[in-house]
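Residue-level listing of the chains:
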Amino acid sequence: MKLKIGYFAEGLWGTKGIEPLLNDSDIQVCFIYSKGDYSGILSQICAEKDIPLYQNESINTPDFLQKIRKYECDLFISVCFNQIFKAPIINTPRLATINWHAGKLPFYRGRNILNWALINDEREFGITVHYMDEGIDTGDIITQRVFAINDEDNYASLFARITKLSAEVLYEAVVKFKNGKPQGIKQNDIHPTGFYCSYRKAGDEKLCFYQTSREVFNFVRALAHPAVMARAMLNGHEMKINKVELIKDAPNYKCAVGAILQKDTNGFLVKTADSFVRVSEFEFCGKFSVGDRFDD
């Protein structure tokens, strides 16, 4: 008997996640819900494979629940989905509702996890598939994969790595349901509290040089393109900063924070709270000289 699935997904990771499920003859995708369909790929899949597509309904209304109950799904899957699942829909499938999350639960629950992991100077990140409950990313863990972060990584490289692995990790978890409901690992058994990260909003991209050089380095790489890029004001103009470099053995000393110390074809040096960094990739429409200072 096939494992019958309802698939709720948004964005690139959600689009990637469906691929191995469709290629498994033991799995039947009964319907797809995707309001923010990445490049229309899921809509195209639905049209080609005659899979019902839902896009503009609240998933928690009695009307929608009635529509999807007719599929008698064994499993609901959420990948980067932008609506909150309440108890009635969570409990609709025969086995479970599960969620794919780009974070090493029970840490990094919530939103914008890659940005926060880099800002916090983490040495690893995770992809987790967990049972869904009425909390935020708090359900028992079904599958988790952990990968290293090094100083060459930035938002773009982590995003690319997760994109490559997203479908693989999700499929690894789904396969476990072919023989019934697998036992999960309680997050409290890993850590009694874990922690939650809030979403980032406009204004959070402002770079403060009143941090250590390491903190400035982490902040900038966390917001590197295709993220919004760090921003700082200099001589009345906004500068977008995409990359800074740490200077080996840079001395720790007191001086005006945010001051431009040196300028050459490779970028320019900026004083931080402890030493200085080199800004090597940036966009700026104004002019500046050595001795100018970024706004506080």
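Cut-offs and rules
Residues numbered from 1 in each chain as written. Predicted model: local features only at pLDDT ≥ 70, side-chain atom pairs only at ≥ 80, totals over all residues. Heavy atoms only, no water. UniProt positions renumbered as here; feature names shortened; annotations may be inferred. Helix = DSSP H or I, 4+ residues; strand = E, 2+ residues; numbered from the N terminus. Domains from an automatic or database assignment. Buried area = accessible area lost by both parts, 1.4 Å probe. Salt bridge = Lys/Arg side-chain N within 4 Å of Asp/Glu carboxyl O. Nonpolar A, V, L, I, M, F, W, Y, C, P; charged D, E, K, R; others polar. Expected span 1.5 Å × (residues − 1). Buried < 20%, exposed > 50% of the residue type's maximum accessible area, 1.4 Å probe, protein only. Pairing = 2+ DSSP bridges. Axes fitted to C-alpha atoms, helices over the stretch in contact; angles between N-to-C directions. Contact = heavy atoms within 4.5 Å. Phe/Tyr/Trp six-rings, centres within 6.5 Å; stacked < 30°, edge-to-face > 60°. Lys NZ or Arg CZ within 6 Å of the ring centre and 35° of its normal. Polar contact = N/O pair within 3.5 Å; in protein donor to acceptor, adjacent residues only side chain to side chain.

The name given to the protein in an unreviewed UniProt entry is Formyltransferase domain-containing protein, and the organism recorded there is Campylobacter mucosalis CCUG 21559.

Enquirer: Any chance you could explain the UniProt feature "domain: Formyl transferase N-terminal" (unreviewed entry) in the protein here in plain terms?
Expert: As recorded in UniProt, the sites labelled "domain: Formyl transferase N-terminal" (unreviewed entry) are residues 40–174. Its end C-alpha atoms 24 Å apart, residues 40–174 is made of 36% helix and 23% strand.

Enquirer: I would appreciate a short explanation of the domain arrangement of the protein in the present structure.
Expert: Much of the literature gives interface size as the accessible area that the parts lose upon coming together. Domain assignment breaks the protein into domain 1 (3–197) and domain 2 (213–293). Computed over C-alpha atoms, the centres of domain 1 and domain 2 are 37 Å apart. The largest contributions to the domain 1 side of the interface with domain 2 come from I119, D151 and Y155, which together make up 44% of the buried area. If you look at where domain 1 meets domain 2, you find three salt bridges. Of all elements in the fold, only α5 (113–119) and α6 (155–175) reach the threshold of two or more residues within the side of domain 1 that touches domain 2. Here the side of domain 1 that touches domain 2 gets three residues from one element, more than from any other, and that element is α5. Here the residues of the side of domain 1 that touches domain 2 sort into five nonpolar, three polar and four charged.

Enquirer: I keep staring at helix α1 (residues 11–22) and nothing clicks. Help me out?
Expert: Because the α-helix completes a turn every 3.6 residues, residues three or four places apart line up on one side. In a regular helix each residue adds 1.5 Å, so 12 residues correspond to 16 Å; α1 covers 18 Å between its end C-alpha atoms and thus fits that length. Among all positions of α1, only L12, W13, G14, T15, G17, I18, P20 and L21 are buried.

Enquirer: Sorry if this is basic, but what is going on with the sheet that holds strand β10 (residues 230–234) here?
Expert: The pairing of strands in a sheet comes from backbone hydrogen bonds and takes either a parallel or an antiparallel form. With antiparallel pairing, five strands are arranged side by side in an open sheet as β10-β11-β14-β13-β12. Edge strands, defined here as strands with exactly one partner in the open sheet, are β10 and β12 (260–264). When strand polarity is set aside, the average angle formed by the axes of neighbouring strands in this sheet is 40°. Across four bridges, β12 lies against strand β13 (residues 267–271) in antiparallel orientation.

Enquirer: I tried to follow the UniProt feature "domain: Formyl transferase C-terminal" (unreviewed entry) in the protein on my own but got confused; where do I start?
Expert: In this numbering, the UniProt entry assigns the feature "domain: Formyl transferase C-terminal" (unreviewed entry) to residues 203–287. Measuring from the first to the last C-alpha atom of residues 203–287 gives 23 Å, for a span that is 12% helix and 39% strand.

Enquirer: Honestly, the pattern of salt bridges in this entry has me stumped. Any pointers?
Expert: Here the idea is simple: oppositely charged side chains can pair when their charged atoms come close. Under the counting rule described, the total for this entry stands at 16 salt bridges. The salt bridge involving D24 is made with K178; its shortest N-O contact spans 2.6 Å. Pair noted here: D24 is in the loop between α1 and β2 (27–33) and K178 is in the loop between α6 and α7 (187–190), with a separation of 154 residues, a long-range link. According to the relative accessible area criterion, D24 is buried, its value standing at 8%.

Enquirer: How do you make sense of the environment of I59 when you look at a structure like this?
Expert: For I59, the location among the structural elements is in the loop between β3 (53–54) and α3 (62–69). By relative accessible area, which is 0% here, I59 ends up buried. It is 9.9 Å that separates the C-alpha atoms of I59 and P88, two residues lying 29 residues apart in sequence. Not counting the four nearest positions on each side in its chain, I59 is found in contact with F8, Y33, F64, L65, F81, Q83, I84, F85 and I89.

Enquirer: Help me understand the packing of aromatic side chains, please; the structure alone is not making it clear to me.
Expert: For any pair of aromatic rings, the description consists of the separation of the ring centres together with the inter-plane angle of the planes. Scanning all chains against the criterion turns up 26 aromatic pairs. With a centroid separation of 5.4 Å and an interplanar angle of 65°, the aromatic rings of F8 and F76 are classed as edge-to-face. Within this pair, whereas F8 is found in strand β1 (residues 3–9), its partner F76 is found in strand β4 (residues 75–79), the two being separated by 68 residues in sequence. What links up through ring pairs into an aromatic cluster is the set F8, F31, Y33, Y54, F64, Y71, F76, F81 and F85. Its guanidinium or amino end placed over the ring of Y131, K181 lies 5.1 Å from that ring's centre, counting from NZ or CZ.

Enquirer: Would you explain the environment of N242 in this entry?
Expert: Turning to its location among the elements, N242 is positioned in strand β11 (residues 237–246). As for N242 and N99, which are separated by 143 residues in sequence, their C-alpha atoms are 32 Å apart. Of the polar contacts made by the side chain of N242, one reaches the backbone nitrogen of H225; its length is 2.7 Å.

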